[in-house]
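Next come the chains, spelled out residue by residue.
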Amino acid sequence: MTDMKDRLALVTGASSGIGEAVARALHGAGCRMVLAARRRERLAELAAELGDAQVVALDVRDADAVLDALQGLELDIAVANAGLAYGTEPVQAGNPAEWSEVVDTNVKGVLNVARAVLPGMIARGRGDFVTMGSVAGRQLYPGGTVYCATKHAVKAIYEGMRLDCAGSGVRFTTVDPGMVQTDFSLVRFRGDAQKAAAVYAGVDALQPADVADALLYAVSRPPHVNIGEIVMWASAQASASSVTRRPAGS
Ligand SMILES: NC(=O)c1ccc[n+]([C@@H]2O[C@H](COP(=O)([O-])OP(=O)(O)OC[C@H]3O[C@@H](n4cnc5c(N)ncnc54)[C@H](OP(=O)(O)O)[C@@H]3O)[C@@H](O)[C@H]2O)c1
């Protein structure tokens, strides 16, 4: 394992779920943290708990704000994790305003972060750029067309950046989890806690710390090793649309 001590690491979407767990794991391994998301107060709470983290309140959809906030940082690691989905309606019943938010966050948000941080990493000849993909970037499931399309795009961006930055010394990794128990479903179902809980009923979903553990493994390999793609499932998942649940009450 490479020594992670004092490496400067950015996590977008660090105010919740997977991003928060990744921030804890990287900090626990010795990194200095930059925590980014829109909810400043949640970032401030995590920063206070970690003790020495920097808070950057930003919306990854805002290309100029992302550039202003991030381009001056000498980052060793950038985790483009911020993302969301809305609804499980079929395309023909979709809401264009929600499509825009999901596409702009999941796709352009990653590009905005990449544009801000890759030039510095390339100039320094090293760095880890990690995209939070999903098994939804590899498979489709009913009601997931727009979200799956964005995660397919994230996988394409990961592959494209590898080519764009070939020979630069920057490593690229995509972490593609299946079902993870976070606020993702609460956001997806627009705050309906009952619908969100049903997603995880009768199944031991992946936990955010499981994903953070895999990501930490990737970025802590020696410089000549690049873990490119990590696909991880809850053991009860056979595919993005096949989950075996325990019967209710068992
Ligand atoms: N949960 C799953 O089953 C699962 C599976 C595979 C992949 N993923 C991916 O994992 C990533 C994290 O999701 P999660 O499961 O941890 O959900 P979560 O708990 O809802 O966290 C989402 C994070 O993204 C941030 N975010 C959303 N829109 C943003 C914006 N415009 N600008 C900046 N930050 C924004 C949120 O922070 P603010 O609201 O404070 O801005 C929050 O910190 C997403 O990319 C998601 O697609 C999730």
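These remarks concern the structure in this document.

For the chain, the helix and strand inventory stands at eight helices and nine strands. On C-alpha atoms alone, the chain measures out to a radius of gyration of 17 Å, which is about the 18 Å that the 2.2 N^0.38 rule sets for 250 residues. With respect to the principal axes defined by its C-alpha atoms, the chain has extents near 50 × 40 × 35 Å. Considering the chain as a whole, with its 250 residues, one finds that 50% of them fall into the buried category. Pairs at least 24 residues apart make up 69% of the contacts formed inside the chain by residues separated by at least 6 positions. Surface summary for the chain: the accessible area is close to 11,300 Å², and the carbon and sulfur share equals 52%. When the 24 positive and 27 negative side-chain charges of the chain are each reduced to one mean point, those points stand 3 Å apart.

Next up on the list: the pattern of salt bridges. What the rule picks out here adds up to 15 salt bridges. A salt bridge links D128 to R7; its shortest N-O distance comes to 3.0 Å. Of this pair, D128 sits in strand 5 (residues 127-132) while R7 sits in the segment before strand 1 (8-12), and the two are 121 residues apart along the sequence. The pair D128 / R7 is uniform in exposure class, with both members buried.

Another point: the sheet that holds strand 2 (residues 32-37). Pairing within the open sheet is parallel, and its seven strands lie in the order 3-2-1-4-5-6-7. The open sheet has two free edges, formed respectively by strand 3 (54-57) and strand 7 (229-232), since each of these has just one partner strand. Mean inter-strand twist for the sheet, computed between neighbouring axes without regard to direction, equals 15°. Here strand 1 pairs with strand 4 (residues 77-80) via three bridges, running parallel. Its bridge partner lying in strand 4, V11 is registered against V79.

Relative orientation of the contacting elements helix 1 (residues 17-28) and helix 8 (residues 208-219) amounts to 50°, with a least axis distance of 8 Å. Overall, the two elements helix 1 and helix 8 adopt an arrangement that is oblique. Judged by the twist between their axes, the crossing of helix 1 over helix 8 is right-handed. In this structure, helix 1 uses G17, I18, A21, V22, A25 and L26 to contact helix 8, whose residues at the interface are P208, A209, V211, A212, L215, L216 and V219.

What follows covers the side chain of N81. By secondary structure assignment, the location of N81 is in the loop between strand 4 and helix 4 (96-124). What N81 contacts, discounting residues up to four positions off in sequence, is T12, G13, I18, G19 and M132.

It is worth spelling out helix 2 (residues 40-50) at this point. Taken as a whole, helix 2 has its buried residues at L43, L46, A47 and L50. On an axial view of helix 2, the arc spanned by its buried residues comes to 100°, and they lie on one face. Exposed residues lying more than 90 degrees from the buried face of helix 2 are E45, A48 and E49. Where helix 2 is buried, its residues meet helix 1, strand 2 and strand 3. Just downstream of helix 2, G51 is the residue with a positive phi angle, here 105°.

So, on to the layout of surface pockets. Empty space within the second largest pocket amounts to approximately 230 Å³. Taken together, the residues that form the lining of the second largest pocket break down as two nonpolar, four polar and six charged.

Let's shift gears to the packing of helix 3 (residues 63-70) against helix 4. Where helix 3 meets helix 4, the closest approach of the two axes is 9 Å, and the angle between their N-to-C directions is 30°. The angle between helix 3 and helix 4 falls in the class roughly parallel. The chirality of how helix 3 crosses helix 4 is right-handed. Residue-level inspection shows A63, D64, V66, L67 and L70 of helix 3 in contact with helix 4, the latter providing N112, V113, R115, A116 and V117. Grouping the constituent residues of the contact of helix 3 with helix 4 by class yields seven nonpolar, one polar and two charged.

So, how was this worked out
- Residues numbered from 1 in each chain as written.
- Predicted model: local features only at pLDDT ≥ 70, side-chain atom pairs only at ≥ 80, totals over all residues.
- Heavy atoms only, no water.
- Helix = DSSP H or I, 4+ residues; strand = E, 2+ residues; numbered from the N terminus.
- Rg over C-alpha atoms; globule rule 2.2 N^0.38 Å.
- Buried < 20%, exposed > 50% of the residue type's maximum accessible area, 1.4 Å probe, protein only.
- Contact = heavy atoms within 4.5 Å.
- Areas by Shrake-Rupley, 256 points an atom, 1.4 Å probe, with all protein chains shown as cover.
- Lys, Arg positive; Asp, Glu negative; His and termini not counted.
- Charge placed at Lys NZ, Arg CZ, Asp CG, Glu CD.
- Salt bridge = Lys/Arg side-chain N within 4 Å of Asp/Glu carboxyl O.
- Pairing = 2+ DSSP bridges.
- Axes fitted to C-alpha atoms, helices over the stretch in contact; angles between N-to-C directions.
- Parallel < 35°, antiparallel > 145°, perpendicular 65-115°, else oblique.
- Left-handed = near helix turned anticlockwise from the far one by under 90°.
- Arc of directions from axis to C-beta.
- 1 Å grid on protein atoms, 1.4 Å probe; cavity = no way out; pocket = protein on both sides within 12 Å on 5 of 7 lines; lining within 4 Å.
- Points joined across faces, edges and corners; volume = space filled by probe spheres on them.
- Nonpolar A, V, L, I, M, F, W, Y, C, P; charged D, E, K, R; others polar.

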